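What follows is the residue order along each chain.
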Amino acid sequence: MLFRRLLPAIAAVAALALTAACGGAPDDTIRGKAEDGSLTIGIRFDQPGMAQRRIDGKYVGFDVDVAKYVAEQFGVPESGITWKAARSADRERLIAEGRVDFVVATYSITDKRKEQVAFAGPYFETGQGLLVRYTDDAIAGPESLNGKKLCSVQASTSAQKVKAEFAQGVQLVEYGQYSDCVTGLLAGKVDAVTTDQAILAGYAAENPELLKLVGKPFTTEQYGVGLAKSDAEGRSAVSAAIEKMVSSGEWRRALERNIGRSGVDLPDPPQVTEK
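The structure reproduced in this document is the subject of the present report.

Cut-offs and rules
Residues numbered from 1 in each chain as written. Predicted model: local features only at pLDDT ≥ 70, side-chain atom pairs only at ≥ 80, totals over all residues. Heavy atoms only, no water. Buried < 20%, exposed > 50% of the residue type's maximum accessible area, 1.4 Å probe, protein only. Helix = DSSP H or I, 4+ residues; strand = E, 2+ residues; numbered from the N terminus. Pairing = 2+ DSSP bridges. Axes fitted to C-alpha atoms, helices over the stretch in contact; angles between N-to-C directions. Contact = heavy atoms within 4.5 Å. Core = buried A, V, L, I, M, F, W, Y, C linked by side-chain atoms within 4.5 Å. Phe/Tyr/Trp six-rings, centres within 6.5 Å; stacked < 30°, edge-to-face > 60°. Lys NZ or Arg CZ within 6 Å of the ring centre and 35° of its normal. Polar contact = N/O pair within 3.5 Å; in protein donor to acceptor, adjacent residues only side chain to side chain. Parallel < 35°, antiparallel > 145°, perpendicular 65-115°, else oblique. Nonpolar A, V, L, I, M, F, W, Y, C, P; charged D, E, K, R; others polar.

One turn of an α-helix holds 3.6 residues; hence residues three or four places apart share an orientation. For helix 8 (residues 197-206), a buried count of eight out of 10 residues is recorded, marking the element as mostly surrounded by other parts of the structure. Within the sequence span of helix 8, burial applies to Gln197, Ala198, Ile199, Leu200, Ala201, Gly202, Tyr203 and Ala204.

Okay, structure coming up:
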């Protein structure tokens, strides 16, 4: 009788052992997750030109086009993509917790971030800039910011860099999203917004009579696709997809389609080094 009662438990253990022996353990790589024709991708929802959720629910921007191209190389159509908001402060956590399969969200490649996630790419190169009100002629570059209120988002190093290297007397203000900074700028609550120029150009293009970019980029930032640190095969496959997007001409077409009207000089594609 005891043996009969134990039979279900024995069978379950045997089934688990057989699954493991046959390689049936969960595949946490991008390729494994894409086998069912779906992927969850982290992007920004509030960056015109790069990644934005429109009022009609459609996702548009250069980062969105890069994400869709990469997903397609894994056999996942746009209809199989679930888009998830990936704010600056949340990107590493979203990847580590498996809540996204990869992130394409103006994600600058840094040594500190590489301690937590892997990067494929880079797929874009830009530099830090400044956005001010159109009528403001007092701010011409980061050195002009002493005594001014400078806005950036939480977990971004952009504003701290300005304070450390260009204007020790600047007052730093942090909001949750760049769109909040832009709203504060338009309302006169802050005097300037800083982040990568490619991001700021989208806001300037949306409000050409109210906002403008000033000065030249004063850093070099390379955007990469962030993914799980353990997924070496996924990193190589994503980098190969980026190289294919560039060589096919789709990279340039996507850039012109999304950022070409902003007035910013369009960069050449960077060399893919994270493989």
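Moving on: the sheet that holds strand 11 (residues 192-196). Taken together, the five strands give an open sheet; going across it, the order is 10-9-11-8-12, and neighbouring strands pair in mixed fashion. Each having just a single partner strand, strand 10 (171-175) and strand 12 (211-214) make up the two edges of the open sheet. With strand direction ignored, the average angle separating the axes of adjacent strands in the sheet is 35°. Across the face of the sheet, helix 7 (residues 178-186) comes into contact with strand 8 (128-133), strand 9 (149-153), strand 10, strand 11 and strand 12 while running at roughly 155° to strand 11. Where helix 8 meets the sheet, its contacts fall on strand 8, strand 11 and strand 12, and the angle it forms with strand 11 comes to roughly 130°.

Let us look at the nonpolar core. Among the nonpolar cores identified, the biggest contains 55 residues, and Ile41, Phe62, Trp83, Phe102, Tyr123, Phe124 and Leu131 are the most heavily contacted of them. Sorting elements by how many residues they give to this core places helix 3 (residues 62-73) first, with seven residues. If we ignore the near neighbours within four places in the chain, the residues touching Phe102 are Ile30, Leu39, Thr40, Ile41, Gly42, Ala67, Val70, Ala71, Val225, Gly226 and Leu227. Grouped together as the second largest cluster of nonpolar side chains are 12 residues, Leu130, Val132, Ala192 and Phe218 included.

A few words now on the packing of aromatic side chains. Per the counting criterion, the structure on display carries nine aromatic pairs. Judged by centre distance (5.2 Å) and plane angle (55°), the rings of Phe45 and Tyr59 are tilted. Of this pair, Phe45 sits in the loop between strand 1 (39-43) and strand 2 (46-47) while Tyr59 sits in strand 4 (residues 59-60), and the two are 14 residues apart along the sequence. Take Phe45 and Tyr59: they sit in the same class, and that class is buried. With a centroid separation of 5.8 Å and an interplanar angle of 85°, the aromatic rings of Phe62 and Trp251 are classed as edge-to-face. Separated by 189 residues along the polypeptide, Phe62 in helix 3 and Trp251 in helix 10 (residues 250-259) bring together distant segments of the chain. Classification of Phe62 as buried rests on a relative accessible area of 0%. A connected cluster of aromatic rings, assembled from ring pairs, spans Phe62, Tyr123, Phe124, Tyr223 and Trp251. Cation over ring: Lys212 sits above Tyr134, and NZ or CZ is 5.8 Å from the ring centre.

Before going further, it helps to spend a moment on the side chain of Asp65. For Asp65, the location among the structural elements is in helix 3. Of the polar contacts made by the side chain of Asp65, one reaches the side chain of Asn258; its length is 2.9 Å.

Attention now moves to the packing of helix 9 (residues 232-248) against helix 10. Packing of helix 9 against helix 10 brings their axes to within 4 Å, and their N-to-C directions diverge by 80°. Classified by the interaxial angle, the pair formed by helix 9 and helix 10 is roughly perpendicular. Taken together, the residues of helix 10 that come into contact with helix 9 (itself represented by Met245, Val246 and Ser248) are Glu250, Trp251, Arg253 and Ala254. For the contact of helix 9 with helix 10, the class distribution of residues is four nonpolar, one polar and two charged.

Moving on to the sheet that holds strand 2. Taken together, three strands build an open sheet; the order of strands is 2-3-4 and the sheet is antiparallel. Two strands close off the open sheet at either side, each with one partner strand: strand 2 and strand 4. Examined bridge by bridge, strand 3 (residues 51-53) and strand 4 share two bridges and lie antiparallel to one another. What sits directly across from Gln52, in strand 4, is Val60.

The next thing to look at is the side chain of Gln197. Relative to the helices and strands, Gln197 resides in helix 8. Assessed through its relative accessible area of 13%, Gln197 is described here as buried. For Gln197, the residues in contact, after removing those within four places along its chain, are Thr126, Gly127, Gln128, Gly129, Leu213, Gly215, Pro217 and Val264.

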